[in-house]
Amino acid sequence: MLSNESAAENVLARLSHAIVIRDFVAVRELTDGLIQAGVDPFRVLNYGLIPGMYEASGRFRKGEFYIPEMLMSSRALKIGLDILKPLIRARNVNDAGRVVIGTVQYDLHDIGKNMIISLLTGHGFEVIDLGVDVSPQKFVRAVEKNEARIIAMSALLTSTMLHMKATIEALRAAGLGEVKVLVGGAPVTPIFAQKIGADAYCREAYSAPAVARKLVGLDPNAF
Amino acid sequence: MNVGLLREGKKLVLACEVVEKEIARYLDGSCELRCFDYGLHRTPENMAKALQSEIDTASARPGAYRAIVLGYGLCSNGIVGITARTVPVVVPRVHDCISLFLGSTQAYKAQACQCPGTYYLTPGWIDKGETPMSKYAGYAASYGEETARWVLHEELKHYTRIVLINTGAYTAIDSYRQIARKNADFLGLSYEELEGPSTLFRRLVLDSTHEDMLIMAGGEVIRQEMFLAI
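Reading guide: rules and limits
Residues numbered from 1 in each chain as written. Chains lettered and ligands numbered in written order. Predicted model: local features only at pLDDT ≥ 70, side-chain atom pairs only at ≥ 80, totals over all residues. Heavy atoms only, no water. Helix = DSSP H or I, 4+ residues; strand = E, 2+ residues; numbered from the N terminus. Rg over C-alpha atoms; globule rule 2.2 N^0.38 Å. Buried < 20%, exposed > 50% of the residue type's maximum accessible area, 1.4 Å probe, protein only. Pairing = 2+ DSSP bridges. Axes fitted to C-alpha atoms, helices over the stretch in contact; angles between N-to-C directions. Parallel < 35°, antiparallel > 145°, perpendicular 65-115°, else oblique. Contact = heavy atoms within 4.5 Å. Nonpolar A, V, L, I, M, F, W, Y, C, P; charged D, E, K, R; others polar. Phe/Tyr/Trp six-rings, centres within 6.5 Å; stacked < 30°, edge-to-face > 60°. Lys NZ or Arg CZ within 6 Å of the ring centre and 35° of its normal.

Chemist: Talk me through the overall build of chain A; I want residue IDs and the actual numbers.
Modeler: The helix and strand tally for chain A stands at nine helices and five strands. From first element to last, N terminus to C terminus, chain A shows the α and β order α-α-α-α-β-α-β-α-β-α-β-α-β-α. Relative to its length of 223 residues, chain A is compact, with a C-alpha radius of gyration of 18 Å against a globular reference of 17 Å. In terms of overall dimensions, chain A has a C-alpha envelope of 60 × 40 × 25 Å along the principal axes. Relative to its full complement of 223 residues, chain A shows a buried share of 54%.

Following this line, the structure appears as structure tokens:
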């Protein structure tokens, strides 16, 4: 049991490390242990799981991690998130609204997108996943049908990311200009996001929940 | 801005090693080729550093080179931030090497629209072990068969076709064909072979002022938007 604050911090740090080293068993045990010890699930999420993904993402950028390590860290994150989700739901905080998400037209790379889905659902959003190679029209229809507050698009290729712009234009043409647009993916830059008229940009998946909450007027640090 | 290339000196081509043979066909005494590790495409930030260092060294030798040509595309922003010094830097206006191999941006776009789930192979990439089967072997060696199957599935589950681009630069194309076919069978994907016209490789070396090329004068910096019609 966690008798004091420094013990909790120590376990949270071990949980972060378990995400980085892809130790699925440790992630499950440490997350369970923290919850049983009465640590707030949002604290477990934001000070245990997310910092682990932050570290893993940094290693990926530096070339120390490649796709297998990144995927395994994501799986470890999901194991922890799956334990936390019912507790978060029980607090009746699934009120952040709906997000429609997909990779842009002609882009089939969904590893980052899937990571973001896990993170957003863990932070009070209902996520409608349109999958990969999503045309601007399909995005528009899904936003209309689901009354989404946010549309989130990702692309891995510089040759496909311009379809983000086409999708934003299609949203505006359909009279859905008030829907917030969040973009991300390895080649996307803040300058590009600004030029195509996106409302926000995420450099890394783990930053998506805070950015998305801010977009819909919620406190990004409330969790 | 389009500027004339310097009159004196040789051309220096700095290229990814996967396009070495395609470029080498057009080299003569007035052109030097230096190749870089293909692995730089995984770490775009290191790509710019490696190329800039070479550009700086080459530019510091007065009269040695009249132009530095990059055998790269935008490559996931890997060349963004590169600054031309005293010698103009020339770079083909393409997203990545697939356009170079297919001969034009238009050809790549046509293929991407027709079949976005295409895994492209070339002899150069095959030689570097960048095939699904080689990846699988590497993953399995590190993490075991089960994890390797899962990782490869997650990575490639939306792919539907393997294309071998035959650029004509390799004589033993039959052996590459067999490897490409084996990879398609391994993943249960369709297989196709496309001819890769050498148009852009030839232009890179012999016709660096063609409109397909961006020419950066001294002090100019490569930016992402130069490759995108935003």
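Chemist: Could you give an account of the sheet that holds strand E4 (residues 180–184) of chain A, naming the residues involved and the relevant values?
Modeler: Residue and element names in this part refer to chain A. Pairing within the open sheet is parallel, and its five strands lie in the order E2-E1-E3-E4-E5. Across the chains shown, the open sheet's two edge strands, defined by having one partner strand only, are strand E2 (125–129) and strand E5 (200–202). With strand direction ignored, the average angle separating the axes of adjacent strands in the sheet is 25°. Where E4 and E5 come together, three bridges link them in parallel fashion.

Chemist: Lay out the packing of helix H3 (residues 41–61) of chain A against helix H4 (residues 67–90) of chain A in plain terms, naming residues and giving numbers.
Modeler: Residue and element names in this part refer to chain A. Taken N-terminus to C-terminus, the directions of H3 and H4 make an angle of 170°; their axes are 10 Å apart at the nearest point. Classed by the angle they form, the pair H3 and H4 counts as roughly antiparallel. Judged by residue contacts, Pro41, Phe42, Val44, Leu45, Leu49, Met53, Ala56, Ser57 and Phe60 of H3 engage Ile67, Met70, Ser73, Ser74, Leu77, Gly80, Leu81, Leu84, Leu87 and Ile88 from H4. Grouping the constituent residues of the contact of H3 with H4 by class yields 15 nonpolar, four polar and no charged.

Chemist: Can you break down the sheet that holds strand E6 (residues 161–166) of chain B residue by residue, with the values?
Modeler: Residue and element names in this part refer to chain B. Read from one edge to the other, the open sheet built from three strands follows the order E5-E6-E7, with strand pairing classed as parallel. The open sheet has two edge strands with one neighbour each: strand E5 (118–121) and strand E7 (190–195). On average, each strand axis in the sheet is inclined to that of its neighbour by 25°, with strand direction left out of account. Alignment of E5 against E6, held across four bridges, turns out to be parallel. When the bridges of E6 are listed, tyrosine 119 appears paired with isoleucine 162. Sitting on the sheet, helix H4 (residues 105–114) is in contact with E5, E6 and E7, with an inclination near 140° to E5.

Chemist: Any details on the packing of aromatic side chains? Residues and values, ideally.
Modeler: Residue and element names in this part refer to chain A. Under the defined criterion, the tally for this structure stands at seven aromatic pairs over all chains. Their ring planes at 65° and their centres at 4.9 Å tell us that tyrosine 54 and tyrosine 206 sit as a pair that is edge-to-face. Highlighted residues: tyrosine 54 in helix H3 and tyrosine 206 in the loop between E5 and helix H9 (208–215), separated in sequence by 152 residues. Across the ring face of phenylalanine 65, the terminal group of arginine 22 is positioned such that the distance to the ring centre comes to 5.0 Å.

Chemist: I'd like a rundown of unusual backbone geometry, residues and numbers included.
Modeler: Its identity as a non-glycine residue notwithstanding, Glu147(A) has a phi of 50°, on the positive side. Within the element layout of this structure, Glu147(A) appears in the loop between helix H6 (136–146) and strand E3 (150–154). The class for Glu147(A) is exposed, based on a relative accessible area of 64%. Phi angles above zero are rare outside glycine, and Ser76(B) is one such case at about 50°. Relative to the helices and strands, Ser76(B) resides in the loop between strand E3 (65–71) and strand E4 (89–92).

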